[in-house]
Amino acid sequence: MISARLLNLSTTGAKLGAPICLPRDRAIRLKLSIDEMGVSFYLSTRVCWSAPAGEHGFTVGCQLSPNVPASVLKHLAQGARPER
């Protein structure tokens, strides 16, 4: 298990701050926890790209599985703050 920070979320993908480089096309399961709402759930993702982010590890772009309801992701993306 790798802990990563959610940097950005949209209806099609997520950008993560990760401590290691993740290989392109790797399928991963992303656990999204939102403490303010008291919920946690899992999303299926595929790594699209990974780039060095200096001392902070790597920035990783993931494509979300199409089975996630767009309305749910839109709501989360609108309320997401970088510190989550």
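See the structure printed just above.
Predicted, not measured: the structure shown is a model, and the values here were computed from it.

*Asks:* Is there a simple way to think about the overall build of the protein in this case?
*Replies:* If you tally the helices and strands in the protein, you get one helix and five strands. Along the protein, helices (α) and strands (β) appear in the sequence β-β-β-β-β-α when read from the amino end. Counting the 84 residues in the protein, one finds 30% classified as buried. Of the roughly 5600 Å² that the protein leaves accessible, carbon and sulfur atoms contribute 54%.

*Asks:* Which parts of the structure should I look at to understand the side chain of T45?
*Replies:* Topologically, T45 is positioned in strand β4 (residues 39-52). Excluding its chain neighbours within four sequence positions, the residues that come into contact with T45 are R26, A27, I28, L30, C62, Q63 and L64.

*Asks:* How do you make sense of the sheet that holds strand β5 (residues 58-64) when you look at a structure like this?
*Replies:* Sheets are built from strands paired through backbone hydrogen bonds, the pairs being either parallel or antiparallel. Taken together, five strands build an open sheet; the order of strands is β1-β2-β5-β4-β3 and the sheet is antiparallel. The sheet is open, and its two borders are formed by β1 (5-9) and β3 (27-34), each paired with just one other strand. Pairs of neighbouring strands in the sheet enclose a mean axial angle of 40°, with direction left out of account. Across seven bridges, the pairing between β4 and β5 is antiparallel. Looking across to β5, one finds that P52 is bridged to F58.

*Asks:* Looking at this structure, how should I read the environment of V47?
*Replies:* One can find V47 in strand β4. Between the C-alpha atoms of V47 and Q63, which are 16 residues apart in sequence, the distance is 6.5 Å. In this structure, V47 is in contact with L22, P23, R24, D25, R26, I28, V60, G61 and C62, ignoring residues within four places of it in sequence.

*Asks:* Can you help me understand the state of the cysteines in this one?
*Replies:* Note: disulfide means a covalent bond formed between the sulfur atoms of two cysteine side chains. One pass over the full model with this rule turns up zero disulfides. The structure places no disulfide on C62, whose sulfur is separated from the nearest cysteine sulfur, that of C48, by 7.0 Å.

Rules behind the numbers
- Residues numbered from 1 in each chain as written.
- Predicted model: local features only at pLDDT ≥ 70, side-chain atom pairs only at ≥ 80, totals over all residues.
- Heavy atoms only, no water.
- Helix = DSSP H or I, 4+ residues; strand = E, 2+ residues; numbered from the N terminus.
- Buried < 20%, exposed > 50% of the residue type's maximum accessible area, 1.4 Å probe, protein only.
- Areas by Shrake-Rupley, 256 points an atom, 1.4 Å probe, with all protein chains shown as cover.
- Contact = heavy atoms within 4.5 Å.
- Pairing = 2+ DSSP bridges.
- Axes fitted to C-alpha atoms, helices over the stretch in contact; angles between N-to-C directions.
- Disulfide = S-S within 2.5 Å.

In short, shape yes, function no, at least from these values alone.
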